[in-house]
Amino acid sequence: MVYRMTEWIECTLDKLGEIVGGATPSTKCEDYYGGSIPWITPKDLSSFKGRYITSGERNITEKGLASCSAQMMPKDAVLFTSRAPIGYVAIASQSVCTNQGFKSIVVNEKADPLFVYYLLKYNKDAIEAMGSGTTFKEVSGKTMRAVKVRIPLDVSYQKRIAAVLDSLDTKIENNERINDNLQQQAQAIYSSMFIDNPDPAWSHGHLSDLITVKYGKDHKKLADGIYPVYGSGGIMRYVERPLYNKESVLIPRKGTLNNVMYVNQPFWSVDTMFYTEMKLPNVAKFVYHFVKAKDLASMNAGSAVPSMTTDILNAMEVVIPSASALEEFESLVAPMYEAMEANDVQSKALSQIRDTLLPKLMSGEIDVSDVQL
C-alpha cells in the first residue's frame with residue numbers, strides 16, 4: 001500500500017468516541033471482590049509497563065458491578081487515569097471495568113485505538129493542567145470531552161503513525177521480557193547452588209558479615225546530570241554526581257519493601273533507599289538473590305508506612321559460601337547480567353527516540369507516508 005500525507009483536523013476528544021467514567025461499589029463489602037471481572041485501578045496502571053492491559057490487582061463480582069454505575073469497557077477501549085495521578089494510559093485487551101479514577105474512551109470509527117493511546121500520552125500535561133479539586137486533582141468528564149486535539153482525518157494514516165511508535169515500544173517490551181527470563185534463570189542457579197545443594201562445610205553467619213548497609217541521601221539540591229537516582233520504584237531522575245560508584249544492592253527503607261535492586265554503575269540512592277557496600281569479592285550478586293528471595297514486607301518495622309531497619313537486615317541469618325563457590329556463581333550469572341545491562345541501554349535509547357518522535361508525529365511535523373516498518 002502507498003501512503004500519502006493526509007489532511008489533519010482539529011476536534012474535541014468526544015468526537016473520537018464515547019468518554020466513560022468509572023465507578024466504585026457503593027460499599028467496600030468483600031463479597032464484591034474475588035469475582036471474575038477484571039477491575040482496573042490507577043494503581044494498576046502506575047506499575048504497568050505495557051500498553052495492553054488484561055487484568056488488575058483485583059477482580060469484581062457481578063454483585064459488585066451491579067452495586068455501582070460502572071460499565072464494562074470493551075476490548076480496545078483506551079483507559080486514562082483522570083484522578084491523581086493523572087495521565088496513565090493503557091488499552092484494554094479484553095472487557096474490563098475501571099474505578100472512579102478513570103475517564104476511558106470507547107473509540108469509534110473515526111480513530112484508531114492505538115493512535116488514541118499515543119495521542120493521550122502526547123496530551124497528558126495539557127489534560128492534567130485542566131484538572132481541578134482541593135482534596136485531590138481530577139479531570140471531569142465534561143472537561144475531558146472538551147479537550148481539543150489534532151488528528152489525521154485518514155484512519156489508515158493514524159494507524160501508520162501509531163505503528164512507528166508501536167515498533168519502538170514492542171522492542172522495549174521484548175527487552176523487558178528477555179531480562180525477566182534472564183533474571184529468573186539467575187535466580188534458579190542461585191537456588192540450585194545455595195539453597196537446594198549447599199555445602200555442609202560452609203559457615204553460618206549474618207548478612208552483616210557480607211555487606212555494610214548505608215543510608216541514601218536527599219537528591220533535591222543536585223543539578224541534573226548523567227547519574228541515575230534510585231528510589232523504591234526505580235530510577236527517578238539523573239543527577240550531576242554519584243553517591244556510590246561500585247557494585248551494590250539497593251534495599252527500600254520505606255514504602256515498597258520487596259523492590260530490591262542490583263546496580264553495577266555509579267548511582268545516587270534516595271534517603272528512603274538503603275545501598276550496600278560489599279565486604280567480600282564476588283558477593284554482590286549472591287547478596288542480591290539472597291535478599292530478593294526474602295519477603296521483606298513481612299519484616300515491616302513501621303506502623304503507618306512500611307519500614308525496614310539496618311538492625312533487621314544485619315541480623316538476617318545466611319549461609320556464607322566459600323570463595324570458590326562465589327567465584328563459580330559469578331562466572332555463571334555475570335554474562336546474564338551483562339546481557340540485561342545491554343538490553344537496558346538499548347531500551348533507554350529506544351525510549352528517548354520514541355519520546356523525541358512522539359510530539360513530532362502527533363503534530364504532523366513528520367510525514368510517515370514513506371516510512372518502512
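### Some words on the sheet that holds strand β17 (residues 268–269)
Alright, step 1. Ordered by their spatial adjacency, 3 strands build an open sheet running β14-β13-β17, and the pairing between neighbours is mixed. The two strands at the open ends of the sheet, each matched to only one other strand, are β14 (234–239) and β17.
Alright, step 2. Of the pairings in the sheet, the one linking strand β13 (residues 224–231) to β14 comprises 6 bridges and is antiparallel in character. Bridge pairing in β14 places Val229 opposite Arg237.

### Structural notes on the packing of aromatic side chains
Alright, step 1. If you walk through the whole model with that rule in mind, you get 15 aromatic pairs.
Alright, step 2. Residues Tyr190 and Phe194 carry aromatic rings whose centres are separated by 5.6 Å and whose planes lie at 50° to one another, so their mutual orientation is tilted. Of this pair, Tyr190 and Phe194 both sit in helix α6 (residues 155–196), 4 residues apart, which is roughly one turn of the helix.
Alright, step 3. Phe194 gets classed as buried once you look at its relative accessible area, which sits at 6%.
Alright, step 4. A network of ring pairs unites the aromatic residues Tyr190, Phe194, Trp202, Phe286, Phe290 and Phe329 as a single cluster.

### Some remarks on the packing of α6 against helix α7 (residues 284–292)
Alright, step 1. At a minimum axis separation of 10 Å, α6 and α7 run at an interaxial angle of 90°. Taken together, α6 and α7 sit at an angle that is classed as roughly perpendicular. In contact with Gln183, Ala186, Gln187, Tyr190 and Phe194 of α6, α7 contributes Phe286, Tyr288, His289, Phe290 and Lys292.
Alright, step 2. When grouped by side-chain class, the residues that make up the contact of α6 with α7 number 6 nonpolar, 3 polar and 1 charged.

### Some remarks on the sheet that holds strand β18 (residues 273–278)
Alright, step 1. Ordered in space as β12-β18-β15-β16, the 4 strands form an open sheet in which the pairing is antiparallel. The sheet terminates laterally at β12 (211–215) and β16 (261–263), the two strands that pair on one side only. Shown here is a sheet whose adjacent strand axes are inclined to one another by a mean of 30°, direction ignored.
Alright, step 2. The pairing of strand β15 (residues 248–252) with β16 spans 3 bridges and is classified as antiparallel. Following the sheet pairing, Leu250 is matched in β16 by Met261.

### Topic: the nonpolar core
Alright, step 1. Counting residues in each nonpolar core, the largest one holds 36 residues, and the members touching the most others are Leu210, Phe286 and Val287.
Alright, step 2. Listing elements by their share of this core, those giving two or more residues are α6, β12, β15, α7, β19 (317–320) and α9 (323–362).
Alright, step 3. Excluding anything up to four places from it in sequence, Phe286 contacts Tyr190, Phe194, Leu210, Val318, Val319, Pro321, Leu326 and Phe329.

### Quick word on the pairing of strand β3 (residues 33–40)
Alright, step 1. Bridging between β3 and strand β5 (residues 58–60) involves 4 bridges; their strand directions are antiparallel. Looking across to β5, one finds that Trp39 is bridged to Arg58.
Alright, step 2. With 2 bridges joining them, β3 and strand β8 (residues 97–98) adopt parallel strand pairing. From the neighbouring strand, Ile40 faces β8, where its bridge partner is Thr98.

### Some remarks on the packing of α6 against α9
Alright, step 1. One way to put it is that α6 packs onto α9 with a least axis distance of 9 Å and a crossing angle of 165°. Compared by their axis directions, α6 and α9 come out roughly antiparallel. Relative to α9, α6 is oriented so that their crossing is left-handed.
Alright, step 2. Of the residues belonging to the contact of α6 with α9, the class tally is 26 nonpolar, 8 polar and 5 charged.

Reading guide: rules and limits
- Residues numbered from 1 in each chain as written.
- Predicted model: local features only at pLDDT ≥ 70, side-chain atom pairs only at ≥ 80, totals over all residues.
- Heavy atoms only, no water.
- Pairing = 2+ DSSP bridges.
- Helix = DSSP H or I, 4+ residues; strand = E, 2+ residues; numbered from the N terminus.
- Phe/Tyr/Trp six-rings, centres within 6.5 Å; stacked < 30°, edge-to-face > 60°.
- Buried < 20%, exposed > 50% of the residue type's maximum accessible area, 1.4 Å probe, protein only.
- Axes fitted to C-alpha atoms, helices over the stretch in contact; angles between N-to-C directions.
- Parallel < 35°, antiparallel > 145°, perpendicular 65-115°, else oblique.
- Contact = heavy atoms within 4.5 Å.
- Nonpolar A, V, L, I, M, F, W, Y, C, P; charged D, E, K, R; others polar.
- Core = buried A, V, L, I, M, F, W, Y, C linked by side-chain atoms within 4.5 Å.
- Left-handed = near helix turned anticlockwise from the far one by under 90°.

The values are spatial; any link to function lies outside them.
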